Amino acid sequence: MESRPSGSAVKPVLLVICAILFWASNVVIARAFRAELTPFWLAFWRWSCATLVLFPFVIRPLWVERARLWAVRGRLFWLALIGIVGNNAFIYLGVASASATSAAALQTFTPVWIMILGALVLGRRLPALAWGGVICAVLGALTIASEGDLSSILALQVGAGELWLIAASLCWAIYTLIVMTLPRDIHAGALLAIQMAMGSLLLLPLAMVFEPATLPPVLWSHETLIAVLYLGVFPSVLAYVFYNRAVAVLGGERTGNFMNLLPAASSLLSFAFLGEALQSFHMLGFAGIMGGIVLSAGAMPALPRWLRELVRGDILPMSR
């Protein structure tokens, strides 16, 4: 007789699926409201809203952990600059001209950046099979960036939106490597709240300088206001609560495997709400990226432990 999943197992699965849908909706909403919400201001309003939502729940951990948080203040600054400011601004700059489907596919390139940085910057040695995976994934990302015409790369005709998205995945990779240096027992909510607050403060002058002529909140439509509030609550706060609760029941590796559904979820939402069609170069490029990750995973026993955890999704950074 076929066994059915127990209620205790079904609930965390539903939580992690909800978290993935929340994260997937981020690029879809940014793409849909790109005329009303410019990239830097969208990032500022999103994380300011998220900060106001989260802070009342972490006041006590912030006070208890204040000395330890102060000790890692330099790393928290770089996390805010790279993860909150860089990653988010680059994603929003990217979807201003590139499709949300391209954004979803190129987000999967982060593990490849991590392997490249580990080898070139940190001096980590990778097996040949892992390098084969890197090359396969790079070709996949270039296929999406060039919309299937790799010759356009030589002619320097790659879309600016896709380049912003590749830069965003690089920021996320750097962010991830810095996150791994933080003490694991510091309260995650306190860490996230500090990054949100610092990122919002860093985003404000950038938005004022680079996007001075933007629509003020008093002139927003009801739909725009709802979109900003949604981004500030669901992908920025609730998604992490749901994901962490799922990890507590299912474990990091099993929960991390669900992250492979993120590009498909973004593509589905893009089709449903934006009418974007999934092109052949999206599928080919995504296959190349995922194939490269699979090849690297084939070299898993030979990879260092920190990289195995990242490739398998055991570690989830904290500002997606």
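Before reading on, note that the structure itself is shown above.
Residues numbered from 1 in each chain as written. Predicted model: local features only at pLDDT ≥ 70, side-chain atom pairs only at ≥ 80, totals over all residues. Heavy atoms only, no water.

Peer 1: Summarise a nonpolar patch on the surface; cite the residues concerned and give the values.
Peer 2: Side chains of Leu 120, Val 121 and Trp 131 sit close together on the surface and give an oily, nonpolar patch of about 330 Å² of accessible area. Residue placement: Trp 131 occurs in helix α7 (residues 128-145). Classification of Trp 131 by relative accessible area gives partly exposed; the value is 32%. (Patch = residues over 30% accessible without salt bridge, like charges linked within 9 Å, V, L, I, M, F, W, Y side chains within 5 Å. Areas by Shrake-Rupley, 256 points an atom, 1.4 Å probe, with all protein chains shown as cover. Salt bridge = Lys/Arg side-chain N within 4 Å of Asp/Glu carboxyl O. Helix = DSSP H or I, 4+ residues; strand = E, 2+ residues; numbered from the N terminus. Buried < 20%, exposed > 50% of the residue type's maximum accessible area, 1.4 Å probe, protein only.)

Peer 1: I'd like a description of helix α6 (residues 110-120), backed by residues and values.
Peer 2: An α-helical turn contains 3.6 residues, so any two residues separated by three or four positions project in the same direction. For α6, the tally of buried residues reaches 10 of 11 residues, placing the bulk of the element in the interior. All buried positions along α6 are accounted for by Thr 110, Pro 111, Val 112, Trp 113, Ile 114, Met 115, Ile 116, Leu 117, Gly 118 and Ala 119.

Peer 1: Tell me about the pattern of salt bridges, residues and numbers included.
Peer 2: Per the counting criterion, the structure on display carries two salt bridges. A salt bridge links Glu 65 to Arg 68, with the shortest nitrogen-to-oxygen separation between them at 3.4 Å. Classification of Glu 65 as buried rests on a relative accessible area of 11%. With a relative accessible area of 31%, Arg 68 lands in the partly exposed category. Several salt bridges share partner residues, and in doing so they unite Glu 65, Arg 68 and Asp 185 into one network.

Peer 1: Give me the lowdown on the packing of aromatic side chains, citing residues and values where you can.
Peer 2: Inspection of every chain in the model, using the stated rule, returns 13 aromatic pairs. Ring centres 5.1 Å apart and planes at 70° place the aromatic pair Phe 22 and Phe 234 in the edge-to-face group. On the criterion of sequence distance, the pair formed by Phe 22 in helix α1 (residues 7-32) and Phe 234 in helix α11 (residues 222-250) is long-range, its members being 212 residues apart. Assessed through its relative accessible area of 13%, Phe 22 is described here as buried. One cation-aromatic arrangement involves Arg 66 over Trp 63; the distance from NZ or CZ to the ring centre is 3.8 Å. (Phe/Tyr/Trp six-rings, centres within 6.5 Å; stacked < 30°, edge-to-face > 60°. Lys NZ or Arg CZ within 6 Å of the ring centre and 35° of its normal.)

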